[in-house]
Amino acid sequence: IYKWHYSGLNRWHGAGSTADFQKIIQERCDTYTQTIRPGSRSRNCQAIRQAFMSAFISKDPCKATKEDYNSLINLAPPTVPCGQQVFWSKTKELAHEYAKRRRLMTLEDTLLGYLADGLSWCGEPGSSDLNIWSCPDWRKDCRTNYVSVFWEVLSERFAESACNTVRVVLNGSLENAFDSMSIFGRVEAPNLRPQVELEAWLVHDTGKPPSDSCSGSSIRKLKSILDGRNVKFRCMDNLR
Ligand code: NAD
């Protein structure tokens, strides 16, 4: 039992690959390219699905590298028109509502972000299948798993391509609206280019006093990361 448990497909602490992963990727890609952004440069969804699969199939699920995703990202770089980007941290739903209402774009509005949002995937050495039983949990098993590295490299490319004014929606109902260990804190903010202007929107739950504000220490920390990169910063409190 011990041996089966630790060498078997069930050994990781995270949920297994999403059922019908390949089919979902193909269908989302067709929907995105034909219905959501039909104007965008035509993309070969079959090639995208294949590049996605070869990034992680048959590989050790704890040894993902950014390079594994190079060919996938080259097929569909996560870029959006200048000045339209919205980042978020602990405000996923709200940020998407804000973005939609103002015709701005989050990472999940780019093709690869749209394809992978909410899905789980990992492979297994010596097998050409996805592991549907379990995948590494980023806290309990390993940080260098294929899902974490995917979001990190995609977020990095998304941030690097920012220009003019971009926004981030942060949660002012948390003690620290800016979390330096989050993907926004570790990957996106530190990869903004000089001369970009970041506008932070602090949202908080109505009916509760805000826990953090633009003058709090977590936002000061964000400002110091940006100062070091010559990124301009503005912060707006009290958005509901
Ligand atoms: P967050 O803390 O709200 O986390 C967003 C989601 O990513 C949560 O489900 C969280 O559990 C998960 N997550 C965070 N770090 C992870 C890691 N190392 N490995 C696996 N999952 C992890 O906000 P955040 O961390 O600042 O990330 C949000 C920003 O990064 C956004 O601006 C977005 O562009 C990008 N992003 C998107 C997704 C997504 O699922 N659509 C995931 C990660 C990052």
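Residues numbered from 1 in each chain as written. Predicted model: local features only at pLDDT ≥ 70, side-chain atom pairs only at ≥ 80, totals over all residues. Heavy atoms only, no water.

### Side note on the environment of Gln84
In step 1: Positionally, Gln84 belongs in the loop between helix 4 (70-75) and strand 2 (86-89).
In step 2: Residues in contact with Gln84, not counting those within four places in the same chain, are Arg103, Leu104, Met105 and Thr165. (Helix = DSSP H or I, 4+ residues; strand = E, 2+ residues; numbered from the N terminus. Contact = heavy atoms within 4.5 Å.)

### Section: the pattern of salt bridges
In step 1: Taken as a whole and judged by the stated rule, the model has 13 salt bridges.
In step 2: With a shortest N-O distance of 3.7 Å, Arg11 and Glu124 are connected by a salt bridge. In this pair, Arg11 sits in the loop between helix 1 (2-7) and strand 1 (14-15) while Glu124 sits in the loop between helix 6 (111-116) and strand 3 (134-135), placing the two residues 113 residues apart along the sequence. Taken as a pair, Arg11 and Glu124 share a single burial class, namely buried.
In step 3: Linked through salt bridges whose partners overlap, the residues forming this network are Glu197, Glu199 and Arg234. (Salt bridge = Lys/Arg side-chain N within 4 Å of Asp/Glu carboxyl O. Buried < 20%, exposed > 50% of the residue type's maximum accessible area, 1.4 Å probe, protein only.)

### Some points on the state of the cysteines
In step 1: Scanning all chains against the criterion turns up 5 disulfides.
In step 2: A disulfide bridge connects Cys82 with Cys163, and the sulfur atoms are separated by 1.8 Å. In this pair, Cys82 is assigned in the loop between helix 4 and strand 2 and Cys163 in the loop between helix 7 (146-160) and strand 4 (165-171), connecting sequence segments 81 residues apart.
In step 3: Cysteines bonded in the protein are numbered consecutively along the chain; their disulfide partners then correspond to 1-2, 3-7, 4-8, 5-6, 9-10. (Disulfide = S-S within 2.5 Å.)

### Here's the deal with the pairing of strand 6 (residues 232-239)
In step 1: One ladder, built from 6 bridges, connects strand 5 (residues 197-203) with strand 6; its direction is parallel. Across the sheet, residue Ala200 finds its bridge partner in strand 6, namely Cys235.
In step 2: In this fold, the crossover linking strand 5 to strand 6 by way of helix 9 (residues 217-227) has right-handed handedness. (Pairing = 2+ DSSP bridges. Right-handed = clockwise from strand over helix to strand, strands pointing away.)

### Description of the confidence of the model for the protein
In step 1: With 95% of its residues at a pLDDT of at least 70, the protein reaches an overall mean of 94.
In step 2: With a pTM of 0.95, the predicted complex shows an ipTM of 0.96. (pLDDT = per-residue confidence, 0-100.)

### Brief notes about a nonpolar patch on the surface
In step 1: Nonpolar side chains collect at one region of the surface, where Leu9, Ile132 and Trp133 lie side by side and expose about 330 Å² of accessible area between them.
In step 2: Structurally, Leu9 can be placed in the loop between helix 1 and strand 1. (Patch = residues over 30% accessible without salt bridge, like charges linked within 9 Å, V, L, I, M, F, W, Y side chains within 5 Å. Areas by Shrake-Rupley, 256 points an atom, 1.4 Å probe, with all protein chains shown as cover.)

### What about helix 3 (residues 45-56)?
In step 1: With 12 residues, helix 3 should reach 16 Å at 1.5 Å per residue; the first-to-last C-alpha distance of 18 Å fits that figure.
In step 2: Elements that come into contact with the buried residues of helix 3 comprise helix 2 (21-36), helix 4, helix 6 and helix 7.
In step 3: Backbone nitrogen of Gln46 and a side-chain oxygen of the N-cap are separated by 3.0 Å at the start of helix 3; the cap is Asn44.
In step 4: At the C-terminal side of helix 3, Ser58 shows a positive phi close to 70°. (Expected span 1.5 Å × (residues − 1). Polar contact = N/O pair within 3.5 Å; in protein donor to acceptor, adjacent residues only side chain to side chain.)

### Quick word on the packing of helix 2 against helix 3
In step 1: One can describe the packing of helix 2 onto helix 3 by two numbers: an axis separation of 9 Å at closest approach and a directional angle of 145°. Classified by chirality, the crossing of helix 3 by helix 2 is right-handed. Where helix 2 approaches helix 3, its residues Phe21, Gln22, Ile25, Gln26, Cys29, Asp30 and Thr33 are matched on the opposing element by Cys45, Gln46, Ile48, Arg49, Phe52, Met53 and Phe56.
In step 2: Residues of the contact of helix 2 with helix 3, tallied by class, amount to 8 nonpolar, 4 polar and 2 charged. (Axes fitted to C-alpha atoms, helices over the stretch in contact; angles between N-to-C directions. Left-handed = near helix turned anticlockwise from the far one by under 90°. Nonpolar A, V, L, I, M, F, W, Y, C, P; charged D, E, K, R; others polar.)

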